Amino acid sequence: MNVLYFAWVRERIGHPMEEVESEAETVGDLVAELRAREDRYEAAFADVSALRVAVDQKLTDFDAPLKGAREVAFFPPMTGG
Amino acid sequence: MNVLYFAWVRERIGHPMEEVESEAETVGDLVAELRAREDRYEAAFADVSALRVAVDQKLTDFDAPLKGAREVAFFPPMTGG
Amino acid sequence: MRIVVQEAPFDLGDEANRFAAGHRDMGAIVTFTGVVRDLATGDLDAMEIEHYPGMTEAALTEIAQQAQSRWSLGDVLVIHRYGRLEPGALIMMVATAAPHRKDAFEAAEYLMDYLKSRAPFWKKEHIGADASWVSAKDADEDALSRW
Amino acid sequence: MRIVVQEAPFDLGDEANRFAAGHRDMGAIVTFTGVVRDLATGDLDAMEIEHYPGMTEAALTEIAQQAQSRWSLGDVLVIHRYGRLEPGALIMMVATAAPHRKDAFEAAEYLMDYLKSRAPFWKKEHIGADASWVSAKDADEDALSRW
């Protein structure tokens, strides 16, 4: 699946998008896999309460299942308007 | 003093303004004097609760004193906006 | 603060742009525009608006000053027309500029609530040969109680 | 309903006039415009707005549809820019048209509250060589609880 990062999450990880092969069942499982990769992922995901997640462009939470998901995005709380 | 009428009060009385010589102490006293004049005044002032009054261009109530007043206006509840 | 009472039409876009251009240090700009709405039956010929020259300007100025004292505002604009207006015509507008959106919204609603029931305007509907004064709504009077 | 996400500037007056012209059967038109506000210190060079192409449009459309299902509205407009904006630039606007002012006001406030915290935009302030992401405000999250 494609994993996207925005704002300071993107800056900490160092790129806006990557393709990830994963059997993770939930968003939380995917986060655990990513954190185990490298320090910059650990830094980005250290405090999950400061993050928001969208699966296939819909806001959801870290318990959400990933079955069939094509796109997962991580970002800080939004500041539009 | 000048007495002004607006909207249906003006239409019932038949003119928008008149000069009135009066020793009335309050707006209510002035209304009583006007009602005693002619049927069209009686018709306009029959239900004072349906009317609003301004003295010298400031909204007030029927107990308001008229001492020194130069302009009194009677009209229905306002419908601006 | 700018208060305008006029018979002539005004251009919403021009007014909104001029108001916004003067307040680029404000984060939030709200406008409200009132339009002459046709009746459900579609047979309104015109809305006639009578006002009380002199008192109208004074009342609108006082309402705008009250809004400025209650909220943190950069500016207030009120434009209100009188005379004979056809369906679709713009009757009036208010605009507020504030550092934050809550102030801009609340002040605009306050201006509208007071302008409805405390500024000396009266509306008369013309339908064919008939004409009738629009009654004040209890809901408009009640709206003042929240402020 | 019209949802626009663009880098280019927009003209508030043109948009307000176009929106109003399409809704002369609505009695009430409300607009909200957000402006890049300089800091108190006056040294903001630019506000950079990042967004999530695709999701942004979907999120704004859903927010607008929610507003239309909750209030009696004739129409909704949302315009939001992204990219680098200088102080004084217009960031975004919403407009609502409704038969009555209460619906137009409430729907516009609802759109703004959701757009602030539920549409995927992120702001970054550039001050000289420094740049920092704007933190979400608790007050903005709390504002959602009233709906």
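Here's what I pulled together on the structure shown here. (Residues numbered from 1 in each chain as written. Chains lettered and ligands numbered in written order. Predicted model: local features only at pLDDT ≥ 70, side-chain atom pairs only at ≥ 80, totals over all residues. Heavy atoms only, no water.)

Below, the discussion takes up the overall build of chain C. Each helix and strand in chain C was counted, giving 4 helices and 8 strands. What you see in chain C, going N to C, is helices and strands ordered as β-α-β-β-α-β-β-β-α-β-β-α. Scaling as 2.2 N^0.38, a compact globule of 147 residues should have a C-alpha radius of gyration of about 15 Å, and chain C matches this with 16 Å. Projected onto its principal axes, the C-alpha positions of chain C cover 50 × 35 × 30 Å. Every one of the 147 residues in chain C was classed for burial, and the buried ones make up 58%. Contacts spanning at least 24 positions in sequence make up 77% of the contacts within chain C whose residues lie at least 6 apart. Surface exposure of chain C reaches about 5,900 Å², of which carbon and sulfur atoms provide 45%. (Helix = DSSP H or I, 4+ residues; strand = E, 2+ residues; numbered from the N terminus. Rg over C-alpha atoms; globule rule 2.2 N^0.38 Å. Buried < 20%, exposed > 50% of the residue type's maximum accessible area, 1.4 Å probe, protein only. Contact = heavy atoms within 4.5 Å. Areas by Shrake-Rupley, 256 points an atom, 1.4 Å probe, with all protein chains shown as cover.)

Moving on: the side chain of D:H23. All names here are of chain D. You can see H23 is positioned in the loop between α1 (12-21) and β2 (28-35). The class for H23 is buried, based on a relative accessible area of 12%. Within the structure, the side chain of H23 is placed 2.7 Å from the side chain of D75, a separation counted as a polar contact. Apart from residues no more than four positions distant in its own chain, H23 is found in contact with I29, G74, D75 and A97. (Polar contact = N/O pair within 3.5 Å; in protein donor to acceptor, adjacent residues only side chain to side chain.)

A few words now on the pattern of salt bridges. Under the criterion given, the structure shown has 30 salt bridges over all chains. Across the pair C:E15 and C:R18 runs a salt bridge whose closest N-O atoms are separated by 3.9 Å. Of this pair, C:E15 and C:R18 both sit in helix α1 (residues 12-21), 3 residues apart, which is roughly one turn of the helix. Across the salt bridge formed by C:R118 and C:E141, the nearest N and O atoms sit 2.8 Å from each other. Of this pair, C:R118 sits in helix α3 (residues 101-118) while C:E141 sits in helix α4 (residues 138-143), and the two are 23 residues apart along the sequence. Taken together, the salt bridges that share partners define one network made up of C:R101, D:E109, D:D113, D:D140 and D:R146. (Salt bridge = Lys/Arg side-chain N within 4 Å of Asp/Glu carboxyl O.)

On to the interface of chain D and chain C. The interface is formed by 33 residues belonging to chain D together with 33 residues belonging to chain C. Between chain D and chain C lies a buried interface of about 2,800 Å² when both sides are counted; carbon and sulfur atoms form 55% of it. For the chain D face of the interface with chain C, the top three residues by lost area are D:R37, D:R101 and D:F105, together amounting to 25%. Counting every contact that joins chain D to chain C gives 4 salt bridges. Where D:R101 meets C:D140, a salt bridge forms, and the shortest distance between an N and an O atom there is 3.0 Å. Across the chain D-chain C interface, the total number found is 13 residue pairs in polar contact (both at pLDDT 80 or more). Elements that contribute at least two residues to the side of chain D that touches chain C include exactly α1, β2, α3 (101-118) and α4 (138-143) of chain D. The element contributing the most residues to the side of chain D that touches chain C is β2(D), with 8 residues. The residue inventory of the side of chain D that touches chain C, partitioned by class, reads 16 nonpolar, 8 polar and 9 charged. (Buried area = accessible area lost by both parts, 1.4 Å probe. Nonpolar A, V, L, I, M, F, W, Y, C, P; charged D, E, K, R; others polar.)

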